[in-house]
Amino acid sequence: MDSKKAVRQQTFRRLVKYLKPYRLAFAAAVIGMIGYAGVDTFFFYHIETLIDDGLGQSDPTILLYGALFVPFVFLLRGFFNFISTYFLSYVGFRIVTVMRQQLFEHLMRVPVSYHDKVSTGELISKITYDTQQLAEACSKALLTLIRDGAFVIGLLGLMAYHSWQLSIVFLLIGPLIGKVVSVVSRRFRQVSSRIQTAMGNVTTTAEQMINGHQVVVMFEGQKREAERFDEINNVTRQQNMKLVSTRAISTSVIQLIASLSLSMVLVIASLPTMLDDLTPGAFTALLTAMIMLLRPLKQLTNVNADFQRGLAAAASIFAVLDQKKEVDTGKRVLDRAQGEIHFKDVTFSYPDTEEPALKNVSFSVKAGHSVALVGRSGSGKSTISSLLTRFYDYETGSIELDGHDIREYTLKSLRRQFAVVSQSVTLFNDTIANNIAYGAAGNVSKERIEEAVRLAYVNEFTDSLPNGLDTMAGENGVMLSGGQRQRIAIARALLRDAPVLILDEATSALDTESERHIQQALDNLQQNRTSLVIAHRLSTIENADEILVMEHGRVIERGTHDDLVSQGGAYAQLHNMQFGGLE
């Protein structure tokens, strides 16, 4: 339990550090909150004068002064309310904006392995839902905490001023209320943490359904998905209801304790000695202060739920921010590589897997030459490209580019040497032209974009679009066909003009005619560049300088197309299957 308390304290201290740049605005908010509570206390203080001097002494002057006094008090109260609400909200949302930006940027710098382990929906939930809970803690909760806390202190001071004997009764219940709040706080933290997990599951399930909508409809999975979402949605409802019930019960218990103390005060006040010391005005002010204490006590109990939820959200966000960034110990900066690649006895296993994805893989690619990787799915072909671009780091062996281990280069300069066209094309909800220009070094001229468009045959379909290259691609290219998306990805690679090309099923989504056009463009692009071609369709790699046949993470055959066909091994079998030579 002590360790959990230490973690909470550390989370709170870490959260307070975000407050430092906005301490002047926060100080203004605190002044506003204390001023608001002070005005209310000041108002109740004058009830004694109004009753004893105004009504008791039948002094109309006091009543007239009171008529002028009330609007002034509420005007001042409104001013302090605006100051406290505005500046605290300003600070709260500034902090959340900074934290949300940090979270977004950090997620772009963590290793690929982290994104493989954590669902997209869960991460989106942290950026949206968790930061929103934090906003509640930084604004609404803190506003109530300080303002109502100051009001409670003011009322207790007013009560002590009128009768310290009766005020002691209320002070005695303080520890009892504190114990209730402590127990409730623990419950709030537990339930808040479960709500965050449940919201992450809701986001993940919804995202999967939306992304896979066509699959769901095609395979009649609507009922299955609806039942799955209903179950997860119901868990979220149950956790929220637990939070509401805990809040309602704790509020009722605290108000019951306060009401019992109020009853005790009335009993004590009925004693003859007490009645002699209290004027009607003083007793009314005292009684009013005691009754008014119930509302801020209720507010302080309710705000505890928001505050604990905010702390739980902050802990969840910090857990992501504490994830280590990609290891970048390289010092060597590479302007433009020659493109000579060497794999030497490379062994690699993905996290949480026993079987290595690559086992003692060795091969070389001369600058300007091409090597093709073929084999069944899961044989390790794509893993080679992931290691080469350092999405993952290998355990043993070495990978060299231009005679230096790739870990000697800075990540930025290393990845600048590669242009990747993968089977899965990622497009952004932007124009086709901007998607093609994405990632190109510096400002790209319209002429260079048009040249890449021509070489990749993108103009074959953009010329018929009303807005041409300025047409919006839609989210992840939803407005385009698979072949069109593939051509845009190839145009992007052409424009990048990198010395090393990685083509991972680059023509898989194209029809025969388009493939012929693209293959010609790729052939032109591969001139004087090192190419690593991953393919299932052997027709696209027949002209490769060397072909590596992979199986279970090992290279089992290597050679030119003609050599491998004549050997009658695994490559020959694949060739026969694809070209009808099986008979």
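Residues numbered from 1 in each chain as written. Predicted model: local features only at pLDDT ≥ 70, side-chain atom pairs only at ≥ 80, totals over all residues. Heavy atoms only, no water.

A. Seen up close, the overall build of the protein chain. Each helix and strand counted, the protein chain has 21 helices and 10 strands in total. Relative to its 583 residues, the protein chain shows a buried fraction of 46%. For the protein chain, contacts bridging at least 24 residues in sequence account for 79% of all contacts bridging at least 6. When the accessible surface of the protein chain is summed, it comes to about 30600 Å², and 57% of that surface belongs to carbon and sulfur atoms. (Helix = DSSP H or I, 4+ residues; strand = E, 2+ residues; numbered from the N terminus. Buried < 20%, exposed > 50% of the residue type's maximum accessible area, 1.4 Å probe, protein only. Contact = heavy atoms within 4.5 Å. Areas by Shrake-Rupley, 256 points an atom, 1.4 Å probe, with all protein chains shown as cover.)

B. The arrangement of unusual backbone geometry in detail. Its identity is not glycine, yet D345 carries a phi of approximately 50°, on the positive side. You can see D345 is positioned in strand β1 (residues 341-348). According to the relative accessible area criterion, D345 is partly exposed, its value standing at 46%.

C. Expanded view of the pattern of salt bridges. Within this structure, the stated rule accounts for 13 salt bridges. Taking the shortest distance from any N to any O, the salt bridge between E326 and R415 comes out at 2.6 Å. Of this pair, E326 sits in the loop between α12 (280-321) and β1 while R415 sits in helix α14 (residues 411-415); the two residues are 89 residues apart in sequence, bridging distant segments of the chain. Salt-bridge contacts for R487 lead to E460; the nearest nitrogen and oxygen are separated by 3.1 Å. In this pair, R487 is assigned in helix α18 (residues 482-496) and E460 in helix α17 (residues 459-462), connecting sequence segments 27 residues apart. For R487, a relative accessible area of 9% corresponds to the buried category. Overall, E460 belongs to the partly exposed group, its relative accessible area being 44%. The network of salt bridges with shared partners includes R336, D497 and R529. (Salt bridge = Lys/Arg side-chain N within 4 Å of Asp/Glu carboxyl O.)

D. Summary view of the UniProt feature "transmembrane region" (unreviewed entry) in the protein chain. The sites that carry the UniProt feature "transmembrane region" (unreviewed entry) are, in the present numbering, residues 21-45, 65-93, 166-184 and 248-272. Helix makes up 92% of residues 21-45 and strand makes up 0%, while its end C-alpha atoms are separated by 38 Å. (UniProt positions renumbered as here; feature names shortened; annotations may be inferred.)

E. Here's a closer look at the sheet that holds strand β9 (residues 546-551). Read from one edge of the open sheet, 6 strands run β6-β7-β8-β3-β9-β10, paired in mixed fashion. The open sheet terminates on both sides in strands that have one partner only, identified here as β6 (418-421) and β10 (554-559). Sheet twist, expressed as the average angle between the axes of neighbouring strands with direction ignored, equals 20°. Judged from the 5 bridges that link them, strand β7 (residues 500-504) and strand β8 (residues 530-534) form a sheet pairing that is parallel. Within β8, the residue paired with L503 across the bridge is V533. Contacts from helix α13 (residues 381-388) reach β3 (370-375), β6, β7, β8 and β9, with the element oriented near 145° to β8. (Pairing = 2+ DSSP bridges. Axes fitted to C-alpha atoms, helices over the stretch in contact; angles between N-to-C directions.)

F. Seen up close, the packing of helix α16 (residues 446-455) against α18. The N-to-C vectors of α16 and α18 enclose an angle of 130°; their axes lie 8 Å apart at closest approach. When the interaxial angle is binned, α16 and α18 end up oblique. Viewed along their axes, α16 and α18 form a crossing whose handedness is right-handed. Residues R448, I449, A452 and L455 of α16 touch α18, and the partners they reach there are A491, L494 and L495. (Parallel < 35°, antiparallel > 145°, perpendicular 65-115°, else oblique. Left-handed = near helix turned anticlockwise from the far one by under 90°.)

G. Examining the environment of Q417 more closely. With respect to the helices and strands, the residue Q417 is situated in the loop between α14 and β6. Linking Q417 and L501, residues 84 residues apart in sequence, is a C-alpha distance of 8.5 Å. Apart from residues lying up to four places away in sequence, Q417 is in contact with L334, D335, R336, A337, L401, A498, P499 and V500.

H. Expanded view of the packing of aromatic side chains. The full count for this structure, using the stated rule, is 10 aromatic pairs. Measuring from ring centre to ring centre gives 5.4 Å for Y86 and F87, while their planes differ by 90°; the resulting arrangement is edge-to-face. With a relative accessible area of 26%, F87 lands in the partly exposed category. Here the aromatic rings of F428 and Y438 are separated by 4.5 Å at their centres, their planes lie at 35°, and the arrangement is tilted. With F428 in the loop between β6 and α15 (432-437) and Y438 in the loop between α15 and α16, this residue pair connects regions lying 10 residues apart in the sequence. Its relative accessible area of 48% is what places Y438 among the partly exposed residues. In textbook terms, an aromatic cluster arises when at least three aromatic residues are bridged by ring pairs, as seen for F82, Y86 and F87. It is R14 that lies over the ring of F318; its NZ or CZ is 4.2 Å from the centre. Note that R147 overlies the ring of Y36, its terminal NZ or CZ placed 4.3 Å from the centroid. (Phe/Tyr/Trp six-rings, centres within 6.5 Å; stacked < 30°, edge-to-face > 60°. Lys NZ or Arg CZ within 6 Å of the ring centre and 35° of its normal.)

I. Region of the structure containing the nonpolar core. The biggest cluster of nonpolar side chains holds 38 residues, and the ones touching the most others in it are I436, V458, I488, I541, I547 and Y571. Residue assignment for this core shows that the elements contributing at least two residues are β3, β6, α15, α16, α18, β7 and β9. Broken down by element, the residue count for this core peaks at 7 residues, all from α18. V458 has contacts with I432, I436, V453, R487, I488 and A491, leaving out every residue within four places of it along the chain. (Core = buried A, V, L, I, M, F, W, Y, C linked by side-chain atoms within 4.5 Å.)

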